[in-house]
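Residue-level structure breakdown
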Amino acid sequence: MRNYQIISEALLALQALGYSKRELTKVEKSLNKHNVNSVDEAVKIGLQTLVS
C-alpha cells in the first residue's frame, strides 16, 4: 500500500472516531513526516499526535 493510501485510510478512521477537520490536518502533517507501513501504525501515530 502506498504511503498516501495508508494516511488517507488512517485519517478516515480518526474522522470516524469524531476528530475534527482541524485536528485531522494536524495529524496529516505529522504523518507526512513519517514513513508508515500500515494503517494501524498511522492511526497510532495520529492518536499520539492528538494527545501530545
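Calculation rules
- Residues numbered from 1 in each chain as written.
- Predicted model: local features only at pLDDT ≥ 70, side-chain atom pairs only at ≥ 80, totals over all residues.
- Heavy atoms only, no water.
- Helix = DSSP H or I, 4+ residues; strand = E, 2+ residues; numbered from the N terminus.
- Rg over C-alpha atoms; globule rule 2.2 N^0.38 Å.
- Buried < 20%, exposed > 50% of the residue type's maximum accessible area, 1.4 Å probe, protein only.
- Expected span 1.5 Å × (residues − 1).
- Arc of directions from axis to C-beta.
- Contact = heavy atoms within 4.5 Å.

Some remarks on the overall build of the chain
For the chain, the count of helices and strands is three helices and zero strands. Secondary structure elements in the chain, listed N-terminal to C-terminal, are α-α-α. For the chain, the C-alpha radius of gyration of 10 Å lies close to 10 Å, the compact-globule estimate for 52 residues. Overall, the C-alpha framework of the chain stretches about 25 × 20 × 15 Å when taken along its three principal axes. For the chain, the residues scored as buried account for 31% of the 52 residues in total.

Remarks on the environment of Lys-44
The topology assignment puts Lys-44 in helix α3 (residues 39-51). Of the residues examined, Lys-44 reaches a relative accessible area of 57% and is grouped as exposed. A C-alpha to C-alpha distance of 12 Å links Lys-44 and Ile-6, two positions 38 residues apart in sequence.

Focus: helix α2 (residues 21-32)
End to end, α2 covers 16 Å across twelve residues, agreeing with the expected 16 Å (1.5 Å per residue, within 8%). Listed as buried for α2 are Leu-24, Val-27, Ser-30 and Leu-31. For α2, the angular spread of the buried residues around the axis is 120°, confining them to a single face. Across from the buried face of α2, at angles greater than 90 degrees, the exposed residues are Lys-21, Arg-22, Lys-29 and Asn-32. For α2, the elements touching its buried residues are α1 (3-16) and α3.

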